[in-house]
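Each chain, letter by letter, is given below.
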Amino acid sequence: MSSLRLFRQAARSARSFSTSSSSRRDIVQDLYIKELKAYKPAPVAKDAHLGAVKPFSPIQPPKPPTLPVDLAAELAAYDAAEPTKADGPATASSAGEFGQGAEAFLTFLEADVKPAEAHH
């Protein structure tokens, strides 16, 4: 029974323990709030953006294409012109190793390809 009595006395003393409101105040928080209230930002100049922002200029719309004045004559000249043929066969340098023709190309494709040896 004595242990029960000690427990009750400890519970009462724990409940009656209180802290004063002055010791619970946070000094750092008070200093921070005081500095926030005292802060005055520097006024921004009206022309502060001039070095950082490019002035806006709207895009000029493209001009529509104009038809030639004598369209009928140009079409008649185009119809009357003879088509020209290509200058000649392609050179071997532009065709590379396949310049020999279709048969040489097919032979190359059908040739056995040796697998590259793996280096370990």
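Residues numbered from 1 in each chain as written. Predicted model: local features only at pLDDT ≥ 70, side-chain atom pairs only at ≥ 80, totals over all residues. Heavy atoms only, no water.

Asks: So what's going on with the overall build of the chain? Residues and values would help.
Replies: When helices and strands are tallied, the chain shows six helices and zero strands. Among the 120 residues that make up the chain, the fraction classed as buried is 0%. Accessible area of the chain: about 12900 Å², with a carbon and sulfur share of 61%. (Helix = DSSP H or I, 4+ residues; strand = E, 2+ residues; numbered from the N terminus. Buried < 20%, exposed > 50% of the residue type's maximum accessible area, 1.4 Å probe, protein only. Areas by Shrake-Rupley, 256 points an atom, 1.4 Å probe, with all protein chains shown as cover.)

Asks: Describe in detail a nonpolar patch on the surface, supporting the description with residues and values.
Replies: Side chains of Phe105, Leu106, Phe108 and Leu109 sit close together on the surface and give an oily, nonpolar patch of about 380 Å² of accessible area. The residue Leu106 is located in helix 6 (residues 102-110) in this model. (Patch = residues over 30% accessible without salt bridge, like charges linked within 9 Å, V, L, I, M, F, W, Y side chains within 5 Å. Salt bridge = Lys/Arg side-chain N within 4 Å of Asp/Glu carboxyl O.)

Asks: Run through the confidence of the model for the chain, naming residues and quoting values.
Replies: The share of residues in the chain with pLDDT of 70 or more is 74%, and the mean pLDDT across the chain is 79. Mean pLDDT values over the elements of the chain span from 49, in helix 5 (residues 92-95), up to 94, in helix 3 (residues 27-38). (pLDDT = per-residue confidence, 0-100.)

Asks: Now, about helix 3: what can you tell me, with residues and values included?
Replies: Look at helix 3: 17 Å from first C-alpha to last across twelve residues, which is about the 16 Å you get at 1.5 Å a residue. Burial analysis of helix 3 places just zero of its twelve residues in the buried class, a small minority of the element. Two or three places before Val28, at the opening of helix 3, Asp26 has a side-chain oxygen 3.4 Å from that residue's backbone nitrogen. (Expected span 1.5 Å × (residues − 1). Polar contact = N/O pair within 3.5 Å; in protein donor to acceptor, adjacent residues only side chain to side chain.)

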